[in-house]
Amino acid sequence: MSQERQPAGVSLIDVTRRFGDVEAVKNVSFDIEAGEFVSLLGPSGCGKTTTLRMIAGFEYPDEGDITLDGKSIVATPPYRRDTSMVFQDYALFPHRSVAQNLAFGLRMRKIPKDEIRAKIETMLELVELPGLGDRKPDQLSGGQQQRVALGRALIVDPAVLLLDEPLGALDLQLRKQMQLELKRIHREIGITFIYVTHDQEEAITMSDRIAVMNQGSVEQIGPATEIYARPETAFVAEFIGDANVLLATVVAVGEKPTVTFAADTLTMEVARPARTFSERDVVSAVVRPENVSIGPDADSFDNVYDMEVSEVIFAGSYVRIHGLIGGSPLWLTTTVSDASRSNQVGSRVRVGWDAGDVVLVEWKS
């Protein structure tokens with residue numbers, strides 16, 4: 001990282017943004033450390049882009065505060081904030097060359113011409129577009145245009161880079177390639193990245209931490225491994241990866257918590273509640289598919305049941321099996337060989353999982 005590029009921490013403190021009677025962002029608070037790559041992840045309409053635009057200064061919170069390195073920026077106009085933004089639609093000037101697009105922000109800041117030329121060459125190398133400075137945007141591929149948009153945002157040496165679903169317009173393979181490129185660039189320059197996406201794989205691939213948003217609120221923030229293994233809500237469990245989420249009732253607490261499910265006809269031992277529950281609380285019991293054993297080996301686990309297979313879906317490298325346990329639906333992910341040998345529609349199989357692989361979270365209807 002050059003001496004000009006110094007990362008900055010960002011904090012949102014009880015931030016709320018309303019549009020008429022709609023609360024797009026509701027009392028959101030979280031901290032982003034200097035130099036982190038944090039993704040705001042969630043479905044359309046969850047408030048992630050509005051949150052990003054408030055950090056950029058394009059929207060203003062109705063309540064709360066936003067700080068950059070501990071100093072409030074709510075009253076600071078966008079062009080005076082030490083941030084830069086990359087948009088999904090690239091927003092390049094079509095009549096200007098790549099070099100002219102890159103130079104635009106520097107010229108607005110009245111940087112000397114010699115310094116501008118040097119910065120352009122450095123940036124073309126960073127985004128892997130050397131020798132393409134004279135081309136117009138319509139002479140570039142979608143991935144190359146996105147690299148130009150990224151370079152234009154980075155060339156002004158922001159403390160924080162804001163990215164609003166910048167890979168959404170790219171095809172799958174190019175998107176995967178650009179994910180790796182963004183991670184490489186973040187590692188090389190070291191500034192703070194705040195990234196908006198609805199794609200969980202994208203967030204998991206690139207981020208140091210993920211803030212999962214739903215209906216204007218942050219439901220959980222943490223490293224991808226932590227959010228996946230220990231979801232704090234049923235929404236997070238279902239939105240991040242595959243999950244079996246079973247409606248259950250707590251019947252015992254303490255050292256060996258126990259719940260019932262399938263209309264209270266079956267019992268399950270659990271070991272890792274995400275919070276403290278009381279007896280008779282209605283909860284969601286989360287079991288990840290890869291923690292479920294199927295076939296004869298299932299009998300060695302803490303929780304063992306008979307499942308009736310109702311659907312088998314081939315998905316290339318794995319097979320998804322849908323079945324019923326005591327009337328409760330369950331999705332399993334198994335290898336192709338396991339499914340092709342015996343787990344046919346209508347068959348009955350043994351399934352099991354350990355108490356330590358069950359996570360209890362609050363149930364929401």
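Before going into details, it helps to say that this report is about the structure given with it.

Rules used throughout
Residues numbered from 1 in each chain as written. Predicted model: local features only at pLDDT ≥ 70, side-chain atom pairs only at ≥ 80, totals over all residues. Heavy atoms only, no water. Helix = DSSP H or I, 4+ residues; strand = E, 2+ residues; numbered from the N terminus. Buried < 20%, exposed > 50% of the residue type's maximum accessible area, 1.4 Å probe, protein only. Contact = heavy atoms within 4.5 Å. Areas by Shrake-Rupley, 256 points an atom, 1.4 Å probe, with all protein chains shown as cover. Lys, Arg positive; Asp, Glu negative; His and termini not counted. Charge placed at Lys NZ, Arg CZ, Asp CG, Glu CD. Pairing = 2+ DSSP bridges. Salt bridge = Lys/Arg side-chain N within 4 Å of Asp/Glu carboxyl O. Expected span 1.5 Å × (residues − 1). Arc of directions from axis to C-beta. Axes fitted to C-alpha atoms, helices over the stretch in contact; angles between N-to-C directions. Core = buried A, V, L, I, M, F, W, Y, C linked by side-chain atoms within 4.5 Å. Patch = residues over 30% accessible without salt bridge, like charges linked within 9 Å, V, L, I, M, F, W, Y side chains within 5 Å.

Structural notes on the overall build of the protein
Item 1. When helices and strands are tallied, the protein shows 9 helices and 21 strands.
Item 2. Projected onto its principal axes, the C-alpha positions of the protein cover 75 × 45 × 35 Å.
Item 3. Counting over 365 residues, the protein shows a buried share of 50%.
Item 4. A fraction of 68% describes how many contacts in the protein between residues 6 or more apart in sequence connect residues 24 or more apart.
Item 5. Summing over all exposed atoms, the protein offers an accessible surface of approximately 17200 Å²; the carbon and sulfur share of this is 48%.
Item 6. Counting 37 positive and 52 negative side-chain charges, the protein places the averaged centre of each group 8 Å from the other.

Quick look at helix 1 (residues 48-56)
Item 1. In terms of residue burial, helix 1 counts as a mostly covered element, since 7 of its 9 residues are buried.
Item 2. Positioned one or two residues after helix 1, glycine 57 has a phi angle of 100°, which is positive.

As for the pairing of strand 12 (residues 258-261)
Two faces belong to every sheet, and in a regular strand the side chains alternate between them.
Item 1. Every second residue of strand 12 is oriented toward a common face, with Thr258 and Thr260 on one face and Val259 and Phe261 on the other, all of them buried.
Item 2. Where strand 11 (residues 244-252) meets strand 12, 4 bridges bridge the pair, whose relative direction is antiparallel. By the bridge assignment for strand 12, alanine 252 is matched with threonine 258.
Item 3. Linking strand 11 back to strand 12 in an antiparallel pair, the connection comprises 5 residues, with glycine 254 at a positive phi of about 105°.
Item 4. Between the end of strand 12 and the start of strand 13 (residues 266-269), which pair antiparallel, lie 4 residues, with alanine 262 showing a positive phi angle near 55°.

Here we look at the side chain of arginine 81
Item 1. Relative to the helices and strands, arginine 81 is located in the loop between strand 5 (71-72) and strand 6 (83-86).
Item 2. Despite its burial, arginine 81 remains without a salt bridge, the nearest opposite charge being carried by aspartate 65 at 8.4 Å.

Brief notes about helix 3 (residues 113-126)
Item 1. The end-to-end C-alpha separation of helix 3 is 20 Å, in line with the 20 Å expected for 14 residues at 1.5 Å each.
Item 2. Residues of helix 3 that are buried include every one of Ile116, Lys119, Ile120, Met123, Leu124 and Leu126, and no others. Projected onto a plane normal to the axis of helix 3, the buried residues spread over an arc of 150° and lie on a single side. Of the residues in helix 3, the exposed ones pointing more than 90 degrees away from the buried face are Asp114, Arg117, Thr122 and Glu125.
Item 3. Packed against the buried residues of helix 3 are helix 2 (98-108), helix 4 (142-154) and helix 5 (172-189).
Item 4. Where helix 3 terminates, the next one or two residues include glutamate 128, which has phi positive at roughly 60°.

A word on the sheet that holds strand 6
Item 1. The 6 strands lie next to each other as 6-7-8-3-9-10, forming an open sheet whose pairing is mixed. A single partner strand is all that each edge strand has here, and the edge strands are strand 6 and strand 10 (217-222). Between one strand and the next, the sheet's axes are offset by a mean angle of 20°, whatever the strand orientation.
Item 2. In this sheet, strand 7 (residues 160-164) lies alongside strand 6 in parallel orientation, the contact comprising 4 bridges. Counterpart to threonine 83 in the pairing with strand 7 is valine 160.
Item 3. Across the sheet, helix 4 lies against strand 6 and strand 7, angled at about 170° from strand 6, the strand it touches most.
Item 4. Running at roughly 160° to strand 8 (residues 192-197), helix 5 makes contact with strand 3 (37-41), strand 7 and strand 8 of the sheet.

Overview of the pattern of salt bridges
Item 1. Applying the stated criterion to the full structure yields 22 salt bridges.
Item 2. In this structure, the salt-bridge partner of arginine 18 is glutamate 63, at a minimum N-O distance of 2.6 Å. Note that arginine 18 is positioned in strand 1 (residues 10-19) and glutamate 63 in strand 4 (residues 63-68), a separation of 45 residues in sequence.
Item 3. Glutamate 63 sits in the partly exposed class, given a relative accessible area of 38%.
Item 4. If you follow the salt bridges from partner to partner, you end up with Glu128, Arg147, Glu181, Arg184 and Glu188 in one network.

Let's talk about the nonpolar core
Item 1. Ranked by size, the top nonpolar core spans 37 residues in total, and within it Leu154 and Leu161 carry the most contacts.
Item 2. Grouped together as the second largest cluster of nonpolar side chains are 27 residues, Phe261, Val270, Val283 and Trp353 included.

Let's talk about a nonpolar patch on the surface
Item 1. There is a patch of nonpolar side chains on the surface, built from Leu247, Val282 and Trp363 and spanning about 270 Å² of accessible area.
Item 2. Secondary-structure assignment places tryptophan 363 in the segment after strand 21 (358-362).

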